[in-house]
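Spelled out, the chains give:
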Amino acid sequence: MHKILVEVYNPASNHSFDVFIPLKSKIYEVTYLLSNTVTELSQGHYKATQQTALCDRITGQVFDINMTIEEIGLKNGSKLMLL
């Protein structure tokens with residue numbers, strides 16, 4: 001399985017995490033897994049909800065949850081933001 005290494009920033013906790021993400025995963029799957037992980041690691045500063053969104057940290061563009069990581073064009077070193 002091919003994976004990429006991305007940086008995920010969470011403004012609520014003011015922390016960044018380096019994460020390996022499979023290229024074939026859908027955004028909704030990645031968002032779900034990341035939000036639950038960040039909830040645990042943020043020591044109460046962030047709590048996942050159904051409105052949690054994954055977006056590009058540079059442009060602020062919210063990703064379509066039905067597309068895959070590969071379809072969106074993310075690469076190693078991409079910077080994402082979990083809101």
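Predicted model only: the values in this text are computed from it and were never measured.

A. Representation of the pairing of strand E4 (residues 79-82) in the model. By the bridge criterion, 3 bridges tie strand E1 (residues 3-10) to E4 in an arrangement that is parallel. By the bridge assignment for E4, Glu7 is matched with Lys79.

B. Seen up close, the sheet that holds strand E2 (residues 15-22). With mixed pairing, 4 strands are arranged side by side in an open sheet as E2-E1-E4-E3. Of all the strands in the sheet, the pair left with one neighbour each is E2 and strand E3 (54-56). In this sheet, neighbouring strand axes are inclined to one another by 35 degrees on average, regardless of whether the strands run parallel or antiparallel.

C. Expanded view of the pairing of E1. The pairing of E1 with E2 spans 8 bridges and is classified as antiparallel. Residue Tyr9 lies in a different strand from E2, and its bridge partner there is Ser16. In sequence, E1 turns back onto E2 through a hairpin of 4 residues, with Asn14 there showing a positive phi of about 60 degrees.

Rules and cut-offs
Residues numbered from 1 in each chain as written. Predicted model: local features only at pLDDT ≥ 70, side-chain atom pairs only at ≥ 80, totals over all residues. Heavy atoms only, no water. Pairing = 2+ DSSP bridges. Helix = DSSP H or I, 4+ residues; strand = E, 2+ residues; numbered from the N terminus. Axes fitted to C-alpha atoms, helices over the stretch in contact; angles between N-to-C directions.

Note that every value here comes from positions in space, so none of it alone points to a role or purpose.
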